[in-house]
Amino acid sequence: MKNNSRNEAVDVMVSMHQPEEATLKKYVIGFVGSLVLTFSAYLLTQYGAMNKPVMVIILAVLALSQFVLQLVYFLHVGKEFSPRLKLLVTIFMVMIVFILVAGSIWIMNNLNGRMMTHSNMVKYMNSQDGL
Amino acid sequence: MMHIFNLMASFWLGRLSLKALPPNPIQWFGASLIILVPGMIAVLLTVTKRWKWLYKEWITTQDPKKIGVMYILVAIGMLLRGGADVALIKTQQALSVGASHGILSASHFQQIVTAHGTIMIFFVAMGLMFGIINLIVPLQIGSRDVAFPFLNATSFWLFFFGMVLVNASLVLGDFAATGWLAYPPLSELRYSPTVGVDYWIWSLQIAGVGSLLAAINFIVTILKMRVKGMNFMKMPMFVWSVLGSMLLVAFAFPILTATLTLLALDRNLGMHFFTSGAGGNMMMYVNLIWAWGHPEVYILILPAFGVFSEVVATYSKKRLFGYTSMVWAIAAIVLLSFIVWLHHFFTMGAGSDVNAFFGIMTMIIAIPTGVKLFNWLFTMYRGKIRLDSPMLWFIGFVVIFTIGGMAGVLMAVPPIDFQLHNSLFLVAHFHMMIVGGVVFADFAAITYWFPKIFGFKLNETLGRWVFWLWLVGFLMSFIPLYILGFMGATRRLDHYSASLGWQQLFIVSGIGAALIGAGVGVQLLQFAYSIYKRKDNRDKTGDPWDGRSLEWSLPSPVPFYNFARLPEVSSRDAFWEAKKSRLKDRRKYEDIEIPKNTPLAFMIAALAFIFAFTVVWHIWWLAVIALLSIITLIIVRSMDEQTDYILKASEVEKLDSLYLKGAKL
């Protein structure tokens, strides 16, 4: 008998239980899809003419779909041996990402809200003697 | 003609020239030490004809026990380097008063402080932690190996070469003078035009990727490779704490990698993520680096908690009090450590709602930590306590960690933090947490598990000397810093006015640091003496401390295949229960699959070093070659389908009987 536990661990990570062509196909789809999504975000910021809030929403959608794409095609979410454990880890991950993203937006907006705008700063400096 | 020569030189050598050599005597001394020490090791290896041994036994090894030993050796080496930095810092602070400007220039002093912080966190604390994890986790979960042995070796060598890169800055060029987290705008090209910050970025990138890979490896190892019968609630507490810590690494280190990459893009490609012009925002850097930085603190301290959980239970001869509450405390810490990062920059200017939220979260995270402390104390209550040196480290930890922790809760109150931010009070606080918490635990762990790995015990008398020198020196060194912090002394202070009356306290603190230095000296003596007297201290039973978890069921030193026959577990403290029940061993020997040695892990990391070094110096042609070679080697490795060999069951049986007779193989 071999040291089965290590092989099992490797299986989970690379999905060796799938036929090879199917795995390769998945990786190619994931890779090309990620490239398409990344470049469309880049092209949008360079050449897309639209107002800022719309752009931000589109960029966020593109980023999120890339996130899901990589989870499904690279990390094979949904194809694992012990779904319960993976589900737990996935929930934890979503929670941490949410905390970090929402927290950062909250903090940075709060900081920005308390910064002087440039025109206000010029006005303030002009109002002070000797500046 | 000269022009063409310069062009050629800048193509082939980038920014590298003779000007990169150290400019003053103190730096020359440091540089020659950095060259002399490896040089002496090389001469020693040549004289004793051990190069082949080094290659076969260590460089190509995939055995987590050997990798663990190498982690700890590197960390001890870096402890000496970081300690030498302390000697310079403390001397400067004791002397540089009023008219005197001490022994260091201001910019050199800042480089030393930065190097001290970077080295102590990334290459001492992380190194000791990963070393102990490598040594003990597979043994405690009843496994013969980690999930991905090759990845494990790669992690170590990346860590190693990150360390080499930091030290290379002593010989060629300079190091960052920005503080250990290199905030922009100071760390941007405009204000730090030399290679210093680049050295900092790339050594952390290499070591950081190594840590991330190691974390993935140990998460999978703990989740998938536990021995039959060991469900989650039967795992030793050290394994739980490592699982928590590694989850934090896996989620936090990508933030570090991304942030450093953005800073590198700013510096090398003229981008503007963290500049004040062109739409950049330096406050975003502070936000991101602490979103990694705060979990990092818990990455270090969780395994330390795990070590003390093992030590206290063993030396009190009692099962750990409140196992379930310990597990939940770890889970709570893992989650909460991601919700407190703003307390590192209360003073950056966020509104009172933001500051209040993070202040309260910070106070809440003290609760699970307090739960753990009480659990250890209740474990000791009515136990048969033996005050051996690991237990002394624990008691020292309780005192120092509680003082430092209360200082931390104090600073969680934003208005108080406004007074204490960036003062020596803060410096005293986090040294009490990291040294009193992490380093004390690592020393306890080294003493506790030393016989398991090497087959003989460390000298206990000298161990006690080490502890008392460290404890007294540590308190003497850092209590004055609390007082100085209240008096307004800031961190990274290289000069102050005599009228402030701070000099006496700085001198007391310096004497304390010297006592710690003496402690480290005795520690090295302890290793040397114990190795010299190893025949007298041999651990013949494999269970010198009357231990509780599976590693003590193995002979010392542990054979390379760990378990000749895999155990089965039906309760917590599996070995303790087995000792009580004295059941006969009916398990069979079986074939064991063992990874073959390979130099590829070392080569990949060495190429990563070449890549990083050439990027620092802008030698782009070599950087491209190194990067392509790394990718090639990874492909070569993944094509190799025969990475293991089989050790036959009959051979295992033969080896096992030899080991049980106490043979040293």
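A brief structural summary. The structure presented is a predicted model; accordingly, all values stated were derived computationally and were not measured.

About the criteria used
- Residues numbered from 1 in each chain as written.
- Chains lettered and ligands numbered in written order.
- Predicted model: local features only at pLDDT ≥ 70, side-chain atom pairs only at ≥ 80, totals over all residues.
- Heavy atoms only, no water.
- Helix = DSSP H or I, 4+ residues; strand = E, 2+ residues; numbered from the N terminus.
- Rg over C-alpha atoms; globule rule 2.2 N^0.38 Å.
- Buried < 20%, exposed > 50% of the residue type's maximum accessible area, 1.4 Å probe, protein only.
- Contact = heavy atoms within 4.5 Å.
- Areas by Shrake-Rupley, 256 points an atom, 1.4 Å probe, with all protein chains shown as cover.
- Buried area = accessible area lost by both parts, 1.4 Å probe.
- Salt bridge = Lys/Arg side-chain N within 4 Å of Asp/Glu carboxyl O.
- Polar contact = N/O pair within 3.5 Å; in protein donor to acceptor, adjacent residues only side chain to side chain.
- Pairing = 2+ DSSP bridges.
- Core = buried A, V, L, I, M, F, W, Y, C linked by side-chain atoms within 4.5 Å.
- Patch = residues over 30% accessible without salt bridge, like charges linked within 9 Å, V, L, I, M, F, W, Y side chains within 5 Å.
- Axes fitted to C-alpha atoms, helices over the stretch in contact; angles between N-to-C directions.
- Parallel < 35°, antiparallel > 145°, perpendicular 65-115°, else oblique.
- Left-handed = near helix turned anticlockwise from the far one by under 90°.
- Nonpolar A, V, L, I, M, F, W, Y, C, P; charged D, E, K, R; others polar.
- Phe/Tyr/Trp six-rings, centres within 6.5 Å; stacked < 30°, edge-to-face > 60°.
- Lys NZ or Arg CZ within 6 Å of the ring centre and 35° of its normal.

What about the overall build of chain B?
- Helix and strand counts for chain B stand at 20 helices and two strands.
- Its C-alpha radius of gyration of 25 Å places chain B within 12% of the 26 Å reference for a compact globule of 665 residues.
- If one aligns the C-alpha atoms of chain B with their principal axes, the spans along those axes are about 75 × 60 × 50 Å.
- Considering chain B as a whole, with its 665 residues, one finds that 57% of them fall into the buried category.
- Taking the intrachain contacts of chain B between residues at least 6 apart in sequence as the baseline, contacts between residues at least 24 apart amount to 83%.
- Here chain B displays about 27,400 Å² of accessible surface, and carbon together with sulfur accounts for 71% of that area.

Some points on the interface of chain A and chain B
- With 29 residues of chain A in contact, the opposing surface of chain B contributes 39 residues.
- Summed over both sides, the interface between chain A and chain B buries roughly 3,000 Å², with carbon and sulfur atoms accounting for 73% of that surface.
- Where chain A packs against chain B, one counts zero salt bridges.
- The interface formed by chain A and chain B contains four residue pairs in polar contact (both at pLDDT 80 or more).
- Going through the elements one at a time, α1 (4-14) and α4 (83-113) of chain A are the ones with two or more residues in the side of chain A that touches chain B.
- Top contributing element to the side of chain A that touches chain B by residue count: α4 of chain A, with 15 residues.

A word on the side chain of S203 of chain B
All names here are of chain B.
- Note that S203 resides in helix α7 (residues 196-224).
- What makes S203 buried here is its relative accessible area of 0%.
- Setting aside anything within four residues of it in sequence, one finds S203 in contact with F123, G162, L165 and V166.

What about the pairing of strand β1 (residues 592-595) of chain B?
Residues and elements named next belong to chain B.
- On β1, burial covers both faces: I592 and I594 on one face and E593 and P595 on the other are all buried.
- In the sheet, β1 pairs with strand β2 (residues 644-647) via four bridges, with the strands oriented antiparallel. Bridge pairing links I594 to Y645 in β2.

Describing the pattern of salt bridges
All names here are of chain B.
- Applying the stated rule across the entire model yields twelve salt bridges over all chains.
- For the salt bridge of R464 with E460, the shortest nitrogen-to-oxygen distance reads 3.2 Å. One end of the pair, R464, and the other, E460, are both in helix α15 (residues 460-486), four residues apart, so they sit about a helical turn from each other.
- Because the salt bridges share partners, they merge into one network encompassing K317, D543, D546 and K579.

Quick word on the nonpolar core
Residue and element names in this part refer to chain B.
- Core analysis: the biggest nonpolar cluster contains 223 residues, and W200, M246, W292, W376 and W470 have the highest contact counts within it.
- Filtering out sequence-adjacent residues up to four positions away, W470 remains in contact with W393, V435, V439, F440, F443, I516, G519, V520 and Q523.
- Ranked by size, the runner-up nonpolar core spans eight residues in total, among them I594, L647, L655 and Y659.

A few points about a nonpolar patch on the surface
- On the surface, a nonpolar cluster with roughly 1,000 Å² of combined accessible area is contributed by L24, V28, F31, V32, L35, V36, F39, Y42, L43 and Y47 of chain A.
- Exposure remark for Y47 of chain A: the relative accessible area of 65% places this residue in the exposed category.

Quick word on the packing of helix α5 (residues 106-140) of chain B against helix α6 (residues 149-171) of chain B
Residue and element names in this part refer to chain B.
- Between α5 and α6, whose axes approach to 11 Å, the crossing angle comes to 160°. When the axes of α5 and α6 are compared, the pair comes out roughly antiparallel. Where α5 crosses over α6, the handedness of that crossing is left-handed. Here I119, F122, F123, G127 and N134 of α5 lie close against α6, whose contacting residues are N152, F159, G162, M163 and V166.
- Per-class residue counts for the contact of α5 with α6 are six nonpolar, four polar and no charged.

What to know about the packing of aromatic side chains
Residue and element names in this part refer to chain B.
- Tallied over the entire structure, the rule returns 68 aromatic pairs over all chains.
- Measuring from ring centre to ring centre gives 6.1 Å for Y315 and W545, while their planes differ by 40°; the resulting arrangement is tilted. With Y315 in helix α9 (residues 282-316) and W545 in the loop between α16 (503-532) and α17 (574-581), this pair connects stretches of sequence that are 230 residues apart.
- A cation over a ring is seen here: R50 above W53, with NZ or CZ 4.7 Å from the ring centre.

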